[in-house]
Number of protein chains: 2
Amino acid sequence: MSTGARTVTAPGRSGVVGARVPRVDGKEKVTGEAAYAADIALPRVLVGKVLRSPYPHARLLRVDTSKARRVPGVKAVITAEDTPKIPHGLFVKDTYPLALERVRYVGDEVAAVAAAIEEAASEALELIEVEYEELPAVFDPLEAMAPGAPQLHADRPGNIAYQLSVERGDVEAGFRQAAHVIEERFTTHATYHAYLEPIASVVSYGHTGKLTVWASAQEPFMTQAELAEALHLPPSDIHFIQPHVGGAFGGKTMDDNHLYISCLLALKTRAAVKLVNTREDEFVASRPRVPTVIDLKVGFAGDGAIVAKEARVVSDNGAYTSRTPVIMRTTCIRADSLYRLQNLRTHGYLVYTNKIPTGSMRGFGNPQMHFALESVMDMAARELGMDPLALRLRNATQAGDVTVHGWRVASCGLSECLERTAAEVGWRGARPAPGASGTKRRGVGLACATHVSGRRHFGNYDGSSALVKVNEDGRVVVLSGEGDVGQGSRTIFAQIAAEELGVPYEDVDVTMADTESTPFGMGSHASKVTFVGGNAVRVAAADARRQLLEITARLFEARAEDLAIQDGRIFHRELPQRALTVAEAAKAHIYRQGGEPVIGKGAWDPPSELHDKTFYGNISGAYPFGACAAEVEVDVESGEVKVLRIVSAADVGRAINPMLAEGQIEGGVIQGLGYALCEEIRNEEGRVLNPNFSDYRIMACEDIPVEVKAILVEPVDPYGPFGAKGLGELVVAPVAPAVANAVAHAVGARITSLPITAEKLFTALRRPQASRPATPNR
Amino acid sequence: MSTGARTVTAPGRSGVVGARVPRVDGKEKVTGEAAYAADIALPRVLVGKVLRSPYPHARLLRVDTSKARRVPGVKAVITAEDTPKIPHGLFVKDTYPLALERVRYVGDEVAAVAAAIEEAASEALELIEVEYEELPAVFDPLEAMAPGAPQLHADRPGNIAYQLSVERGDVEAGFRQAAHVIEERFTTHATYHAYLEPIASVVSYGHTGKLTVWASAQEPFMTQAELAEALHLPPSDIHFIQPHVGGAFGGKTMDDNHLYISCLLALKTRAAVKLVNTREDEFVASRPRVPTVIDLKVGFAGDGAIVAKEARVVSDNGAYTSRTPVIMRTTCIRADSLYRLQNLRTHGYLVYTNKIPTGSMRGFGNPQMHFALESVMDMAARELGMDPLALRLRNATQAGDVTVHGWRVASCGLSECLERTAAEVGWRGARPAPGASGTKRRGVGLACATHVSGRRHFGNYDGSSALVKVNEDGRVVVLSGEGDVGQGSRTIFAQIAAEELGVPYEDVDVTMADTESTPFGMGSHASKVTFVGGNAVRVAAADARRQLLEITARLFEARAEDLAIQDGRIFHRELPQRALTVAEAAKAHIYRQGGEPVIGKGAWDPPSELHDKTFYGNISGAYPFGACAAEVEVDVESGEVKVLRIVSAADVGRAINPMLAEGQIEGGVIQGLGYALCEEIRNEEGRVLNPNFSDYRIMACEDIPVEVKAILVEPVDPYGPFGAKGLGELVVAPVAPAVANAVAHAVGARITSLPITAEKLFTALRRPQASRPATPNR
């Protein structure tokens, strides 16, 4: 079993890695056959419904469920009194599955019902009598930090859920060296994951003493562990089965109360309960992206070298804490490894407000700081009179670097991403001049980003494990607990196993994650599944391969090292006519005296380390990098921005499946554009104003640029499976600053507050500084 | 990985082995929560129904499904034309899922329907037009062998599906030494398994290209392989999931057409189909016990030694061949290892008749020959003037023997079983004299039996494999593909894993069998699951234990061999205060640099061998033995037999769970009594006269003897897991001869044809020889 070993070196054996093979679950999904959590059918399943607070902050004086309980067909009406009253939260335990004594946001879960039919559940919900005493509320994180603000949690004075400071080098000395200092406040907003499948769960409980849970969760084993703690059960009493998941994007880490409530209803009724979020439930009570206020100050030497950086980050936690402490830490720290910084100081504050609790979303806290930093880079280039591309290349992190926070960058395609993006968009020379006249002005902007491929955090472990069975007919079954939430990890695992084993891709099946039958895995987060899970699958496949070669060697009276496997055929390298199929070998491995099935076992943990108390340390096994260029057309009369073209290059180490990698890039670009331009959960006194897709605009087909060009940069990471690194989250981060920079290039106006709406740009264009012409080809 | 190694020696570590712990699935089952195949709920599942032949033998001239297909709601009506026309059958491939050109018994499957609702399916069934041309039929196997008999299969002249001859030593010389020769014809009959759950299946098919099958099958992986062949699919395209199974007793080996038809309907409709046998379907078209005509001749020396045996066996195959060739072989051979025989000759003929195809049932072909042989033993004792107990002990096989067919008997409790049974029933001295006067006469009879614990047959492999996961909370999950059909194997595996690991029994879960996620196993047959599957679980648990000890040794800076595990606690033998829980160790095994979950892998194949062409060879890893005594009261006026008491001793090697072992004995005794006295599938011109539980009498509570005393004999087998051998089938075999011998003891009449009905006994008692008084205490 290999640990953090360099697994790449051997070239692909079957050419499956790197091939544009179709997804293993493609047909099922496009035909509608794939079963998602809400499709799970159990006999006599009850319908769950949740009663939510209409107030942003109130004391619960009385919750009377007696009338509701009398509705025919109602099997249970539960409140906090029916729960173990154990708060959950991965880092700060402040969330009760049902509100205890107080509600803290509009949408907070107060009670829940399970009934035989939906109508009875709805009727019961209406009959629950709740008496609230309204309390003063606070909605803005800066106001919430101020003295005298309403306090959300008694044990968190000043509404500070978490704070951190990090300092490296000598910031003051750095700024003293600076020829130019850019200082600006950037604000980012809450956005919703907008996955196709709302959060749903089916939970069954009975005399086995086990909860069987089918839910749209992205981390089967971690969800099992977190549920167990809050429900006061041993984890193994929760059998979690991951059905198909219709997108997650960080929103299905189950930090919200949905799954706790369906489990509590099942426990209470000793039955099976189905709970399916409405789209409105999602908008008012899931865990959207963390809004952030970033005050950023960066000093540059005359040659463009970044000499100092100082930042203050205020992250809006909403009413309760999900994984926001680490999201904020990501905002504070991660972008620092993009460039060769030495001197920096960052303070971060995670602040409670009486709004929907925020949480993880693709990119974690990274898009927020990348928007600020990459905007500042363009602002600095202008000040320095440098080409923004040249400025980035001047500072860019390179392979072999140990960054300011101790990241050991084993592979790095950042400069290549920048160069290829620039080339593709026609940056050098052909970078289109902004339309100097007329109402439609064009501009091009650039930004880059970095991320992780897994992040060592939980108990000094960031690994994965897998089993690879080879069946008698030569078909291979990969068992992994990582799961697939739509990103295609089952496809990637099938390719890795096929490549390592030397069998056709079509011969590999990958099971769904199931806490009983699949090996432990941490699930989809931190862009780790391909990198870490893929390596575990590779190690397991290599173990299965060894078994196939050994039995064949015995049958051929040859040495295993003289044998090879290709296209499902095992042959002697020197006597290629001596051959067996993998099926024959697998069968021979069982059917003999002392036989056994071919089962490969694999585990892999990356060569990363926990950060120290100052947050210094090589937290991930590999770091992906990327760059994005946006070409926009701004209507100076309306302030409307139209994106004409996006070029996005990602250093994926190596693309296991270029089609899926490009899909990740395209999806990330679109999600990034939504973040940049139109998506925003809008609030008024804590009430969400647009809790539906009519009022909350995601990028629809008509909004998507004519061209989204994906470029795969493949430096081949020494630790990645066949060289691959994480990708999914990376690609979102550079989109918003690329658009902001393109807008500034087109019309000179610098928008520092996301989203870049027509309204904001219209106003900015009418401010005095907006009238100065943009500098072409700065 | 150990192969055939002696695994017993270490005493139980936690005392779980040998304990009367409750079944792992007890609560689920008694509360009705456990889901059986018919309980599997899928959205939009279609209902399947089957059209059967009303004729015992006919040519299919026309099958017109056009009207049936027009019934609203009907999704498919299939005939042989819709199938790949590949016959199935484990040994003789003569069975088409739907009859091709000809039907050969009343019940033969002609067509099948899948419809949205049951009413539509029924209506469609009625609208299928079938034109038959009746053919002459034959119902008696001896008649079927005669020249001029109607022929069932063109390629099997003389209606012989299979025949064998086996000869050892010098039979003629043996008989020349004989002081007494007993020669008699014995006949046995067809009985039904009478499991609670009729055969049922739910099969889903769609764009995954896989059939997902939930069915009441007792051999998940073998069923997968057999289905695949007949459906012309790779086995891995069939994902078999074993739900709870409500008893199998050999009847759920899926040799009948049920599952082929539900799969074909699913393939045809590209949907999910549920097919549930009615009880009548079971009686007319499952695979009941093989009726047999045995002509047996045994020679005895004056001292009681068996000097020669000659047998002719004619087994009634019914219309098609299931596993009957090997069942007949078992009838011909297996009982020969009960005694120290040297000279024998046996001919066996498996003969087609136009009746329900017969098949495997608890005991395979063993109860048939045991009835004959153990009746002959009593007849001989009478001739020899010996005590039947003494005669058996005189000839009994002993540990260390290599029997006439090459079985290496490593452990043998036969004599102890006989002695303890006799002692319990009060045989010596107190053996009650038959009531010499009055209409109710009492008698006591004895019989013994042997069986196998697995049987090497398929590709020189008779092993099993398992995985044992230890979760972070210390809970253990055993993954085995053997499955549990109600015999309690999941409970046994939990005990074995708990014992080997040193954790509490309650901390072990055992998954259901699933061809995708559980390792390969051959399933429930040949009484092998505890012996072979249990050893694989033990090896896997030992591997997991090693991992737990290694991590603890590292944490303690101690040597693994100085550590022990007991009650879920790992401690240093010399410093017992240095201790960790298994949960802590399992967690520490994952959460560390280079960590991985604790997953033990185990495989085990017994030290048995394939028999040679003469059927000589040590076919099983261990041989269980048993004895049974019956005390009966015969009403000489009516011929009715009332069983007052049964004592059954079984050499189980070691009882992993004495409660379950006793349950097996009790159930086997009751099933054996039904075989002996009342159960019989009766036919008239090929039509089953009693296809329901009103007319087919199984032993009901009122019929069951006041006392069924189970005795566990535990010589501790050197190869068994903690010494255990197979048990389930053994205990049926000696019941019928014990009852026959008791009846003979009571009233002097020897019934040689099962079942021993009041009618037969009434007639026998009125035959001249029945009038001679029985000899007390022969």
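Cut-offs and rules
- Residues numbered from 1 in each chain as written.
- Chains lettered and ligands numbered in written order.
- Predicted model: local features only at pLDDT ≥ 70, side-chain atom pairs only at ≥ 80, totals over all residues.
- Heavy atoms only, no water.
- Helix = DSSP H or I, 4+ residues; strand = E, 2+ residues; numbered from the N terminus.
- Buried < 20%, exposed > 50% of the residue type's maximum accessible area, 1.4 Å probe, protein only.
- Polar contact = N/O pair within 3.5 Å; in protein donor to acceptor, adjacent residues only side chain to side chain.
- Contact = heavy atoms within 4.5 Å.
- Core = buried A, V, L, I, M, F, W, Y, C linked by side-chain atoms within 4.5 Å.
- Least-squares fit on C-alpha atoms with pLDDT ≥ 70 in both.
- Domains from an automatic or database assignment.
- Buried area = accessible area lost by both parts, 1.4 Å probe.
- Salt bridge = Lys/Arg side-chain N within 4 Å of Asp/Glu carboxyl O.
- Nonpolar A, V, L, I, M, F, W, Y, C, P; charged D, E, K, R; others polar.
- Phe/Tyr/Trp six-rings, centres within 6.5 Å; stacked < 30°, edge-to-face > 60°.
- Pairing = 2+ DSSP bridges.
- Expected span 1.5 Å × (residues − 1).
- Axes fitted to C-alpha atoms, helices over the stretch in contact; angles between N-to-C directions.
- pLDDT = per-residue confidence, 0-100.

K.L.:
Please explain the side chain of serine 524 of chain B as it appears in this structure.
P.N.:
Residue and element names in this part refer to chain B. With respect to the helices, strands and loops of the structure, serine 524 is situated in the loop between β19 (508-510) and α14 (529-556). Residue class for serine 524 comes out buried when judged on its relative accessible area of 7%. Among the polar contacts listed, one links the side chain of serine 524 to the side chain of glutamine 487, at a separation of 2.9 Å. Apart from the residues within four sequence positions on either side, serine 524 is in contact with Gln218, Glu219, Glu482, Gly483, Val485, Gln487 and Val529.

K.L.:
Even after reading the chapter, I still don't get the nonpolar core, so can you show me in this structure?
P.N.:
Soluble globular proteins tend to bury their nonpolar side chains together. Judged by nonpolar contacts, the single largest core of 162 residues is most densely connected at Leu296, Phe300 and Val739 of chain B. The dominant element in this core, judged by the number of residues it contributes, is helix α10 (residues 366-384) of chain B, at 10 residues. Each residue touching leucine 296 of chain B, except ones within four places of it in the same chain, is listed here: Ile182, Glu183, Glu184, Phe186, Lys309, Glu310, Ala311, Met369, Ala372, Leu373 and Val376 of chain B. Membership of the second largest hydrophobic core comes to 161 residues, among which are Phe283, Ala335, Tyr339 and Phe371 of chain A.

K.L.:
Mind showing me how you'd approach the relation of the copies chain A and chain B here?
P.N.:
Superposing the two chain copies requires a rotation about an axis and a translation along that axis. You can overlay chain A on chain B at an RMSD of 0.1 Å; the transform is a turn of 180 degrees with a shift of 0.0 Å along its axis. Such values leave the two copies arranged in the relation of a two-fold axis.

K.L.:
What is the right way to look at the domain arrangement of chain A in this model?
P.N.:
The accessible area lost on association of the parts is a frequent measure of interface size. Residue and element names in this part refer to chain A. For chain A, the assigned domains are domain 1 (26-33 + 463-604), domain 2 (38-135 + 199-276) and domain 3 (292-455 + 611-769). Averaged C-alpha coordinates put domain 1 and domain 3 at centres separated by 38 Å. Facing 19 residues of domain 1, the contacting portion of domain 3 comprises 22 residues. Summing the contributions of domain 1 and of domain 3, the shared interface buries around 1,500 Å²; its carbon and sulfur component is 65%. Contact with domain 3 buries surface across domain 1, with Ala526, Ser527 and Phe531 losing the most and accounting together for 41% of the total. At the boundary of domain 1 and domain 3, one finds 0 salt bridges. Linking domain 1 with domain 3 are 6 residue pairs in polar contact (both at pLDDT 80 or more). For the side of domain 1 that touches domain 3, the secondary structure elements donating two or more residues are α13 (489-501) and α14 (529-556). Its residues placed into classes, the side of domain 1 that touches domain 3 shows 6 nonpolar, 9 polar and 4 charged.

K.L.:
Help me understand the interface of chain A and chain B, please; the structure alone is not making it clear to me.
P.N.:
In this complex, chain A contributes 58 residues to the contact, which on the side of chain B involves 59 residues. Summed over both partners, the interface of chain A with chain B buries about 4,500 Å², with 54% contributed by carbon and sulfur atoms. Looking only at chain A, the three residues that lose the most surface to chain B are His207, Gln593 and Lys601 of chain A, adding up to 13% of its buried area. The interface formed by chain A and chain B holds 4 salt bridges in total. Linking chain A with chain B are 26 residue pairs in polar contact (both at pLDDT 80 or more). Those elements giving two or more residues to the side of chain A that touches chain B turn out to be α1 (26-30), β17 (464-470), β18 (476-480) and β23 (598-604) of chain A. Its residues placed into classes, the side of chain A that touches chain B shows 22 nonpolar, 19 polar and 17 charged.

K.L.:
Which parts of the structure should I look at to understand the packing of aromatic side chains?
P.N.:
The relative placement of two aromatic rings is captured by the distance of their centres and the angle of their planes. Residue and element names in this part refer to chain A. All told, the structure shown has 32 aromatic pairs over all chains when counted by the stated rule. Considering the side-chain rings of tyrosine 192 and phenylalanine 283, the 4.4 Å spacing of their centres and the 45 degrees angle between planes classify their relative orientation as tilted. Placement of the pair is tyrosine 192 in the loop between β8 (180-188) and β9 (200-205) and phenylalanine 283 in helix α8 (residues 279-285), with a sequence separation of 91 residues. Looking at tyrosine 192, the relative accessible area reads 0%, which means it is buried.

K.L.:
I would appreciate a short explanation of the pairing of strand β24 (residues 625-635) of chain A in the present structure.
P.N.:
Two faces make up the sheet, and in a regular strand the side chains alternate between them. All names here are of chain A. With respect to burial, β24 is a largely interior element, 11 of its 11 residues being buried. Burial along β24 is two-sided: Phe625, Ala627, Ala629, Glu631, Glu633 and Asp635 and Gly626, Cys628, Ala630, Val632 and Val634, pointing in opposite directions, are all buried. In this sheet, strand β25 (residues 641-651) lies alongside β24 in antiparallel orientation, the contact comprising 10 bridges. Opposite glycine 626, over in β25, you have alanine 650 as the bridge partner. As consecutive antiparallel partners, β24 and β25 are separated by 5 residues, and within that stretch glycine 639 has a phi angle of approximately 85 degrees, a positive value.

K.L.:
Explain the sheet that holds strand β6 (residues 129-134) of chain A here, please?
P.N.:
In a beta sheet, neighbouring strands are held together by backbone hydrogen bonds and run either parallel or antiparallel to one another. Residue and element names in this part refer to chain A. One open sheet accounts for 3 strands, arranged β4-β2-β6; its pairing is antiparallel. What marks the edges here is a single partner per strand, and that holds for β4 (102-103) and β6. Of the strand pairs in this sheet, strand β2 (residues 58-64) and β4 are connected by 2 bridges, and their pairing is antiparallel. Residue alanine 58 lies in a different strand from β4, and its bridge partner there is valine 103.

K.L.:
Even after reading the chapter, I still don't get the environment of isoleucine 356 of chain B, so can you show me in this structure?
P.N.:
All names here are of chain B. Along the chain, isoleucine 356 falls in the loop between β15 (344-352) and α10. On a C-alpha basis, the gap between isoleucine 356 and aspartate 543 in space is 48 Å, while along the polypeptide they are 187 residues apart. Excluding residues within four positions of it along the chain, isoleucine 356 makes contact with Tyr105, Glu282, Phe283, Val284, Ala285, Ser286, Pro288, Asn317, Gly318 and Ala319.

K.L.:
I tried to follow the environment of glycine 363 of chain B on my own but got confused; where do I start?
P.N.:
Residues and elements named next belong to chain B. By the secondary structure assignment, glycine 363 is in the loop between β15 and α10. Considering only alpha carbons, one finds glycine 363 and histidine 525, 162 residues apart in sequence, at a separation of 9.7 Å. The residues contacting glycine 363, other than those within four sequence positions of it, are Arg289, Thr330, His451 and Glu729.

K.L.:
Could you clarify how one ought to interpret α14 of chain A in this entry?
P.N.:
Owing to its 3.6 residues per turn, the α-helix aligns residues three or four sequence positions apart on the same side. All names here are of chain A. A rise of 1.5 Å per residue sets the reference length of α14, with its 28 residues, at 40 Å; its end C-alpha atoms lie 38 Å apart and thus fit the reference within 8%. The buried count for α14 comes to 22 of 28 residues, which makes it a mostly enclosed element. Two residues or fewer after α14 comes glutamate 557, characterised by a positive phi angle close to 50 degrees.

K.L.:
Teacher, can you tell me more about the sheet that holds strand β23 (residues 598-604) of chain B here?
P.N.:
Residues and elements named next belong to chain B. The 4 strands are arranged β19-β18-β17-β23 in an open sheet whose pairing can be described as mixed. Because the sheet does not close on itself, it has two edges, and the strands there are β19 and β23. Pairwise comparison of adjacent strand axes, ignoring direction, gives a mean angle of 20 degrees for this sheet. Taken together, the 3 bridges between strand β18 (residues 476-480) and β19 define a ladder with parallel strand orientation. In the strand pairing of β19, valine 478 is matched with valine 510. Each of β17 (464-470), β18 and β19 touches helix α13 (residues 489-501); the most contacted strand, β19, lies at about 140 degrees to it.

K.L.:
What's the story with the confidence of the model for chain A in this structure? I'm lost.
P.N.:
Residues and elements named next belong to chain A. Confidence along chain A averages 94 in pLDDT terms, with 96% of residues attaining 70 or more. Across residues 1-12 the pLDDT falls below 50, and counting only partners more than four positions away or on other chains, this stretch makes 38 contacts in the model. Low confidence marks residues 770-778, where pLDDT is under 50. Its contacts with residues over four positions away, or in another chain, come to 26 contacts. Interface confidence for the predicted complex, expressed as ipTM, amounts to 0.92; the pTM equals 0.94.

K.L.:
I would appreciate a short explanation of unusual backbone geometry in the present structure.
P.N.:
Trans peptide bonds make up the majority, and among non-glycine residues the majority have a negative phi. Residue and element names in this part refer to chain A. The omega torsion of the bond from leucine 754 to proline 755 falls at -5 degrees, within 30 degrees of zero and hence cis. Relative to the helices and strands, proline 755 resides in the loop between α17 (735-747) and α18 (758-765). Its identity is not glycine, yet arginine 44 carries a phi of approximately 55 degrees, on the positive side. Position of arginine 44 among the secondary structure elements: in the loop between α1 and β1 (46-52). A relative accessible area of 72% means that arginine 44 is categorised as exposed. In this structure, methionine 254 is a non-glycine residue whose phi angle is positive, near 60 degrees. You can see methionine 254 is positioned in the loop between β11 (238-241) and α7 (258-269).

K.L.:
Explain the pattern of salt bridges to me, please; I cannot follow it from the model alone.
P.N.:
Side-chain pairs of opposite charge can arise whenever the charged atoms involved come near each other. Under the defined criterion, the tally for this structure stands at 96 salt bridges over all chains. A salt bridge links arginine 394 of chain B to aspartate 303 of chain B; the nearest nitrogen and oxygen atoms lie 2.8 Å apart. Here the residue arginine 394 of chain B occupies a position in helix α11 (residues 388-395), and aspartate 303 of chain B occupies one in the loop between β13 (292-300) and β14 (306-318), the gap between them amounting to 91 residues. Note on arginine 394 of chain B: relative accessible area 37%, which makes it partly exposed. The class of aspartate 303 of chain B is partly exposed, set by a relative accessible area of 40%. A network of salt bridges, in which partner residues are shared, links Arg62, Asp64, Lys67, Glu129 and Glu131 of chain A.

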